[in-house]
Amino acid sequence: MSPTSRLPGFHKLSFSERVKVVKEFAGLSDEDVEILTKTGSLSIEIAERMIENVIGTLELPLGIATNFLINGKDYLIPMAIEEPSVVAAASNGARMCREGGGLHAMASEQLMIAQVQLTKVTNPYVAAYKILEKKEEIIDIANSVDPILVKLGGGIKDVEVKVIESPLGPMVITHLIVDVKDAMGANAVNTMAEKVAPYIEKWTGGKVYLRIVSNLADRRIVRVWTRVPKEAVGGKDVAEGIVYAWAFAAADPYRAATHNKGIMNGIIAVALATGQDTRALEAGAHAYAARRGRYEPLSRWELDENGDLIGYLEMPIAVGIVGGATRTNPIARVSLKILGVKTAKELAEVMGAVGLAQNLAALRALASEGIQRGHMKLHARQIAISVGAVGDEVDIVVNEMLKEGVIRYDKAKEILERIRGRRSK
Ligand code: MEV
């Protein structure tokens, strides 16, 4: 009989008991268990305070992207990512931007939106009126749940109400617009929405179902621009190629998805390094990219009168430097220290700048030699290491594979054996 995944009380077991259950379920070896239970700076104790049913922690390489000059200030950018070439490309993109004076980034106020969904009202527009009429009261009720935020100058700033047509008829949606300051803010606004909801029911006689943050954080926008001299990207032809690459993305959602994926390579790597909610960032970015009813690129590239490149990026970036994993995950704390950002707004500006530099590096490679050359070198390196090459053997195996144009495990093994055979003679 196959083992069952119905495990009542699993969450109450100790860490080692849980690991034992999983070991038996999945037939893990002692070595597998050793891998699973070995931790780095994030201890099991901390991990268990972060999520449920912990059986280990997961590590990723943490790299530093260099060359970033943002709003006249130098930054070293911590990036956590599994994909080869991303950190190198970000550094490279930043170097090109630096030649034109760096990246200029400006984030809006840190406003998050919480939605309260009111249903089952016979006269939705009158219900909307009744809610709007109570705006000051809503503000007082919402602010009462977070006096610290209010003291810091944050709190609810506005209330908007709209009637939407849904497959189940009209609904009245209230937006609480909250300045969350240095927090990512989902928790703060969810609490406010839950507090306000019963009043909305009382005033309208309707039924509230959902009370939750919107990840389409379009009041928390970052704008970034940069000027890149054409010489920095390899000349007029490449600069034009980059503009053509952008135009392709602007005209075709299949390309826009990949274009934006390249931007998110940079943004999510910084998000992981600093303990952000990466899913919220992705959801916000892609919803914003589709805000005009068609999926579009988050950046644009054009030439100025001199033939130099002008890049522009605009997207929501909802991040925090207080609360959540930014504080509990020790690596996130150190990453924030490396960045030296003082506010969530500054972090958002840096992340937007990384996104645009990452995008530039990708488009430059795509518009010239293609991305496989750089990728292949790193890929070859990983393969060489995985077949056991050490010290100078790594470079020799990599160079041989690249020369022969065959980047495979069997080839790496064959070359390694050849080198070792030669050396043992
Ligand atoms: C690969 O991770 C990202 C790229 O595909 C982005 C792009 O095509 O613009 C290179």
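Here, every reference points to the structure presented above.
Summarised in this report is the structure supplied together with it. (Residues numbered from 1 in each chain as written. Predicted model: local features only at pLDDT ≥ 70, side-chain atom pairs only at ≥ 80, totals over all residues. Heavy atoms only, no water.)

Let us now look at the overall build of the chain. For the chain, the helix and strand inventory stands at 18 helices and 10 strands. Based on the C-alpha atoms only, the size of the chain along its principal axes is roughly 90 × 70 × 40 Å. For the chain, with 425 residues in total, the buried portion stands at 47%. Of all intrachain contacts in the chain linking residues separated by at least 6 positions in sequence, the fraction that spans at least 24 positions is 70%. Per element, the accessible surface of the chain, about 21,600 Å² overall, is 55% carbon and sulfur. Each charge class in the chain was averaged separately, 53 positive and 51 negative side chains, and the resulting centres sit 1 Å apart. (Helix = DSSP H or I, 4+ residues; strand = E, 2+ residues; numbered from the N terminus. Buried < 20%, exposed > 50% of the residue type's maximum accessible area, 1.4 Å probe, protein only. Contact = heavy atoms within 4.5 Å. Areas by Shrake-Rupley, 256 points an atom, 1.4 Å probe, with all protein chains shown as cover. Lys, Arg positive; Asp, Glu negative; His and termini not counted. Charge placed at Lys NZ, Arg CZ, Asp CG, Glu CD.)

Taken together, Glu-83, Arg-255, Thr-258, His-259, Lys-261, Gly-262, Asn-265, Ala-362, Leu-363, Leu-366 and Ile-371 make up all the residues around the ligand. Side-chain polar atom of Arg-255 to an oxygen atom of the ligand: 2.7 Å apart, as the coordinates give it. Within the side chain of Asn-265, one N or O atom sits 2.9 Å away from an oxygen atom of the ligand. Protein contacts shield 87% of the accessible area of the ligand, which totals 300 Å² for the unbound molecule. Within the residue set of the shell around the ligand, elements represented by two or more residues are α11 (253-273) and α15 (344-367). In terms of residue class, the shell around the ligand is made up of 4 nonpolar, 4 polar and 3 charged. (Near = heavy atom within 4 Å. Polar contact = N/O pair within 3.5 Å; in protein donor to acceptor, adjacent residues only side chain to side chain. Nonpolar A, V, L, I, M, F, W, Y, C, P; charged D, E, K, R; others polar.)

Below, the discussion takes up α11. Across its 21 residues, α11 extends 29 Å between first and last C-alpha, which sits within 8% of the 30 Å expected from 1.5 Å per residue. Roughly 30° is the biggest bend found in α11, and it falls at Met-264. Most of α11 sits inside the fold, with 15 of its 21 residues counted as buried. Its side-chain oxygen 3.0 Å from the backbone nitrogen of Tyr-254, Asp-252 forms the N-cap of α11. (Expected span 1.5 Å × (residues − 1). Bend = angle between axes of the 7 residues up to and from the residue.)

Because each turn of an α-helix spans 3.6 residues, side chains separated by three or four positions end up pointing in the same direction. A rise of 1.5 Å per residue sets the reference length of helix α18 (residues 409-424), with its 16 residues, at 22 Å; its end C-alpha atoms lie 22 Å apart and thus fit the reference within 8%. For α18, every residue scored as buried is listed here: Lys-411, Ala-412, Ile-415, Leu-416 and Ile-419. Buried residues of α18, viewed axially, fall in a sector of 130°; they line one side. Pointing more than 90 degrees away from the buried face of α18 are the exposed residues Tyr-409, Glu-417 and Ser-424. Next to the buried residues of α18 lie α16 (372-386) and α17 (392-404). (Arc of directions from axis to C-beta.)

A full pass over the atoms with the stated rule returns 30 salt bridges. With a shortest N-O distance of 3.4 Å, Glu-400 and Arg-418 are connected by a salt bridge. Highlighted residues: Glu-400 in helix α17 and Arg-418 in helix α18, separated in sequence by 18 residues. Salt bridges sharing partners connect three or more residues here, namely Glu-400, Lys-403, Glu-404, Lys-411, Glu-414 and Arg-418. (Salt bridge = Lys/Arg side-chain N within 4 Å of Asp/Glu carboxyl O.)

Moving on to the environment of Ala-90. Positionally, Ala-90 belongs in helix α4 (residues 86-98). By relative accessible area, which is 0% here, Ala-90 ends up buried. With 175 residues separating them in the primary sequence, Ala-90 and Asn-265 have C-alpha atoms 9.2 Å apart. Discounting chain neighbours no more than four positions away, the residues touching Ala-90 are Ala-65, Phe-68, Met-79, Ala-357 and Gln-358.

Turning our eyes to something else, we now look at the packing of α4 against α15. Relative to each other, α4 and α15 sit at 100°, their axes nearing to 7 Å. As summarised for this structure, α4 and α15 are arranged roughly perpendicular, according to the angle between their axes. Contact with α4, carried on its side by Val-86, Ala-89, Ala-90, Gly-93, Ala-94, Met-96 and Cys-97, involves Ala-357, Gln-358, Leu-360, Ala-361 and Arg-364 of α15 and no other residues of that element. (Axes fitted to C-alpha atoms, helices over the stretch in contact; angles between N-to-C directions. Parallel < 35°, antiparallel > 145°, perpendicular 65-115°, else oblique.)

Moving on to the pairing of strand β6 (residues 169-179). Residues in a regular strand point their side chains to alternate faces of the sheet. A large share of β6 lies buried, amounting to 10 of its 11 residues. With 8 bridges connecting them, strand β4 (residues 111-119) and β6 associate as antiparallel partners. Within the sheet, the bridge partner assigned to Val-116 lies in β6 and is Thr-174. Inspection of the sheet shows strand β5 (residues 155-166) paired to β6 by 11 bridges, in the antiparallel sense. What sits directly across from Ile-156, in β6, is Val-178. Here β5 folds back onto β6, and the loop between the two strands holds 2 residues. (Pairing = 2+ DSSP bridges.)

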